[in-house]
Amino acid sequence: MQFFGGSEISPSPPVPTASGNNAHMMYVFNRNGVCLLYREWNRPLRTLNPQQDHKLMFGLLFSLKSLTAKMDPTTADRGNLGVPQLPGQGCSFHSFRTNTYKLTFMETPSGLKIILVTHPRTGDLRESLNHIYNLYVDYVVKNPLYSPGTPIR
């Protein structure tokens, strides 16, 4: 992370290799905040139990979505901070980056939220999130044995 003086607070992680897995975690939430799927690959430090981690991630997304809608310079009706936004309503964010990770986010019109946490130097992942969503539709939504709102096994 760099501040105005340009000094580095902590070193960046190593550059990802072309053959390595750059994904750390993936979350899929429904519109009610229920975590339907959680996977982790490169997460050496586990500080929270899974339920706390899911609540924290959903709360972060809710807050960022509310903040970006409130700061939207293209609309006069900004509403109140903390008021839930409908999918596609107002300004939204796609990703943010720190010195140790990059979070990429996609929300579908039905309210499904897909989040990938990756290496900070990973490029734009919006196409990858669309591909994950298409897989979700093909293998989960169209599955007659799947009950909506239940975790994906």
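See the structure shown above.
Residues numbered from 1 in each chain as written. Predicted model: local features only at pLDDT ≥ 70, side-chain atom pairs only at ≥ 80, totals over all residues. Heavy atoms only, no water.

Caption draft 1: Broad picture of the pattern of salt bridges. Following the criterion strictly, the structure yields 4 salt bridges and no others. With a closest N to O distance of 2.6 Å, Lys65 and Glu107 form a salt bridge. In this pair, Lys65 sits in helix α1 (residues 50-70) while Glu107 sits in strand β4 (residues 102-107), placing the two residues 42 residues apart along the sequence. By relative accessible area, Lys65 is classed as buried at 10%. Residue Arg126 is joined to Asp124 by a salt bridge in which the shortest nitrogen-to-oxygen separation is 3.2 Å. The exposure class assigned to Asp124 is exposed, which follows from its relative accessible area of 55%. (Salt bridge = Lys/Arg side-chain N within 4 Å of Asp/Glu carboxyl O. Helix = DSSP H or I, 4+ residues; strand = E, 2+ residues; numbered from the N terminus. Buried < 20%, exposed > 50% of the residue type's maximum accessible area, 1.4 Å probe, protein only.)

Caption draft 2: Seen up close, the pairing of strand β1 (residues 23-29). In terms of residue burial, β1 counts as a mostly covered element, since 7 of its 7 residues are buried. Sheet topology note: the β1/strand β5 (residues 113-118) ladder contains 6 bridges and is antiparallel. Note on β5: the bridge partner recorded for Met26 is Leu116. (Pairing = 2+ DSSP bridges.)

Caption draft 3: Molecular detail of helix α2 (residues 126-141). Among the residues making up α2, those that are buried are Leu129, Tyr136 and Val140. Taken end-on, α2 shows its buried residues confined to a sector of 25°, consistent with a single buried face. Residues of α2 that are exposed and point over 90 degrees away from its buried face: Glu127 and Tyr139. On its buried side, α2 packs onto β2 (35-40), β4 and β5. (Arc of directions from axis to C-beta. Contact = heavy atoms within 4.5 Å.)

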